[in-house]
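One-letter residues, chain by chain:
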Amino acid sequence: MNKRYQKVLVLYLISTLVPYTLFNKNKDFTLTKSWLPSSLVGYGIFSYGLKVLTKMKKAA
């Protein structure tokens, strides 16, 4: 994995974990059920978009 994508992954996970812990109304901290899968899907979409935009920028 590219070092840039690793940094983005860490920042993305932190940016989704903080609101999850602050605004979790049920006080349910089982991260594997809700936060982790949704974060991984969100990161996948984000990294794909970053890759596409990078290719578009290089082509222009």
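Anything mentioned here points back to the structure above.
Residues numbered from 1 in each chain as written. Predicted model: local features only at pLDDT ≥ 70, side-chain atom pairs only at ≥ 80, totals over all residues. Heavy atoms only, no water.

Caption draft 1: The environment of Lys 51, seen in detail. Structurally, Lys 51 is set in helix α2 (residues 35–59). Residue class for Lys 51 comes out partly exposed when judged on its relative accessible area of 45%. Taking the C-alpha atoms as reference points, Lys 51 and Tyr 5, 46 residues apart in sequence, are found 9.5 Å from one another. (Helix = DSSP H or I, 4+ residues; strand = E, 2+ residues; numbered from the N terminus. Buried < 20%, exposed > 50% of the residue type's maximum accessible area, 1.4 Å probe, protein only.)

Caption draft 2: The packing of aromatic side chains, seen in detail. Under the defined criterion, the tally for this structure stands at two aromatic pairs. Seen in terms of ring centroids, Tyr 12 and Tyr 43 are 6.2 Å apart; in terms of plane orientation they differ by 55°. Their pairing is tilted. With Tyr 12 in helix α1 (residues 3–22) and Tyr 43 in helix α2, this pair connects stretches of sequence that are 31 residues apart. Judged by its relative accessible area of 8%, Tyr 43 is buried. Aromatic side chains Tyr 12 and Phe 46 sit 6.1 Å apart centroid to centroid with 20° between the ring planes, which places their arrangement in the stacked category. One end of the pair, Tyr 12, is in helix α1; the other, Phe 46, is in helix α2, with 34 residues separating them in the sequence. Chaining the aromatic ring pairs together yields one cluster made of Tyr 12, Tyr 43 and Phe 46. (Phe/Tyr/Trp six-rings, centres within 6.5 Å; stacked < 30°, edge-to-face > 60°.)

Read these as layout, nothing more, since geometry by itself doesn't imply function.
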